[in-house]
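Summary of the model geometry
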There are 2 protein chains.
Amino acid sequence: MKDLYIIKIGGNVIDNEEFLHQFLEDFAQIEAHTVLIHGGGKVATQIGEKLGIEAQMVDGRRVTDAKTLQLVTMVYGGLINKKVVALLQKFGKNACGFTGADGNLIQAHKRPVKTVDYGFVGDVDTVNSTFLDTVLNSEITPIIAPLTHDSQGNMLNTNADTIASTVAVAMANKYQVHLVYCFELKGVLRDFDDKSSVINSISFDQYQQLKEAGVISKGMIPKMDNSFDAIKNGVKSVIICHAEDLLNIVSGETKGTVLSA
Amino acid sequence: MKDLYIIKIGGNVIDNEEFLHQFLEDFAQIEAHTVLIHGGGKVATQIGEKLGIEAQMVDGRRVTDAKTLQLVTMVYGGLINKKVVALLQKFGKNACGFTGADGNLIQAHKRPVKTVDYGFVGDVDTVNSTFLDTVLNSEITPIIAPLTHDSQGNMLNTNADTIASTVAVAMANKYQVHLVYCFELKGVLRDFDDKSSVINSISFDQYQQLKEAGVISKGMIPKMDNSFDAIKNGVKSVIICHAEDLLNIVSGETKGTVLSA
């Protein structure tokens, strides 16, 4: 099976113009099949403030009311997605932007209200892996914004980490999939105050211990859960690393934190 | 050759929620290959006002400074494009949104400054008809936002009428192309105050006379110029009509204004 790199870049990479350019220039050099999933960044919050849309957070997650849904559809699906695509065209990579509605790529349903009403947040039902495969076989690199749709005419806001792992799992029967989470740290840290204290590899059992010991913190837990879920479902490797280490990782060097079953 | 309908909807159709839903429900029923190009609508101006970006107009055309470019990239490429795509998915049409950057669909260059500096406005150089054909052959309906790119990492704002006619010409060697401009009037009117005074057909010579006589007004001239240019370059038919007459036209009825060489 061919290699496929599913790469996610977080908001902090997107917010820094210079950093983003360098990342995309590196990304454009990868010869293997790639899919890029981007997060939102602070720009949505900034534009939202100007529009009088306040960010409502519950347990560190954005609540998506109707106005916020419009905001993220504009900013994630328009502003950020097209910026990334246009820059990749400049760097010689024929990219094409998608949300989950485009080509019916990712169907989701509005998250049911339990203790918290997250509003227009989508939990993924299906990924159209056939469509994604067709795109990849046309030598086009898909750039996915963190938006899904409910097949009833509504866009939904969906976490980019979750999209990355879900897409990785969906492609695992066609490709040898490597899921790479790129962010602004060197990997999962043993001590958050020591940016060099990268844990080189974590097995599922070690993850449980690190979680119990409080070494792995709140924000990292959903990312790790998504990652181990992906490994259990056929994804070959999951790496959490600094965005500037992307090319090293693709060329087989050991960087960041490697997760294993 | 197979038929291909290149259909453009204007801002007034987009601005009216009920009208837009009905139009898209009709559009979804067309069995022939279709491409939809949408304009901007008032929503860009409204959101721009909230963001403190004033619309600057010269001779009825928007001047696109850097902030306005961000605005239209968000609104045209994100908000409107994804709304249309999500609704078409609801109506059973597998649509996929594109700007000119996506799949390198439409390359353009920044319009040179002569008497007026229009800013980040793109004049089209090439349409990637091979890519568009691949999309159509995958049974996916392309929905194009009025944005192009310059291959140097910049998005550019491009008139939707112009994109429609340029795409129509680019596809004319592969398909029997019908270019349909849908708006809120029954066609080209002989008397603007009489909405029923539709001119049923206009040849190029008649167009010159109508222009000289002042019957065809300012805003309509670029649309008509684009249309006759398309006919000269291989497009089979151009029809200017009310959005609600779309299905009649596709089924072969005579509606709106038909332009001919």
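The paragraphs below set out a description of the structure included in this document.

So, how was this worked out
Residues numbered from 1 in each chain as written. Chains lettered and ligands numbered in written order. Predicted model: local features only at pLDDT ≥ 70, side-chain atom pairs only at ≥ 80, totals over all residues. Heavy atoms only, no water. Pairing = 2+ DSSP bridges. Helix = DSSP H or I, 4+ residues; strand = E, 2+ residues; numbered from the N terminus. Axes fitted to C-alpha atoms, helices over the stretch in contact; angles between N-to-C directions. Contact = heavy atoms within 4.5 Å. Salt bridge = Lys/Arg side-chain N within 4 Å of Asp/Glu carboxyl O. Polar contact = N/O pair within 3.5 Å; in protein donor to acceptor, adjacent residues only side chain to side chain. Nonpolar A, V, L, I, M, F, W, Y, C, P; charged D, E, K, R; others polar. Parallel < 35°, antiparallel > 145°, perpendicular 65-115°, else oblique.

A word on the sheet that holds strand β12 (residues 201-203) of chain B. All names here are of chain B. Ordered in space as β5-β8-β2-β1-β11-β13-β14-β12, the 8 strands form an open sheet in which the pairing is mixed. With one partner strand each, in any of the chains shown, β5 (95-98) and β12 form the two edges of the open sheet. In this sheet, adjacent strand axes meet at a mean angle of 20 degrees when their direction is disregarded. Here strand β11 (residues 176-183) runs beside strand β13 (residues 237-242); their pairing, made up of 6 bridges, is parallel. Within the sheet, the bridge partner assigned to Cys182 lies in β13 and is Cys241.

Listed as interface residues are 37 residues of chain A and, on the opposing side, 37 residues of chain B. At the boundary of chain A and chain B, one finds 2 salt bridges. Residue Asp102(B) pairs with Lys82(A) through a salt bridge whose shortest N-O separation is 3.1 Å. Applying the counting rule to chain A against chain B returns 10 residue pairs in polar contact (both at pLDDT 80 or more). Of all the secondary structure elements, the ones that give two or more residues to the side of chain A that touches chain B are α3 (42-50), α4 (66-90), β5 (95-98) and α5 (129-137) of chain A. Here the element with the most residues in the side of chain A that touches chain B is α4(A); it accounts for 14 residues. A per-class count over the side of chain A that touches chain B returns 15 nonpolar, 18 polar and 4 charged.

With that settled, consider the packing of helix α6 (residues 160-171) of chain A against helix α8 (residues 220-232) of chain A. Residue and element names in this part refer to chain A. Interaxial distance between α6 and α8 falls to 9 Å at its minimum, and their mutual angle equals 0 degrees. Relative to α8, the element α6 is oriented roughly parallel. On α8, the residues that touch Asp161, Thr162, Ser165 and Val169 of α6 are Lys223, Asn226 and Ala230. Here the residues of the contact of α6 with α8 are counted per class, giving 2 nonpolar, 3 polar and 2 charged.

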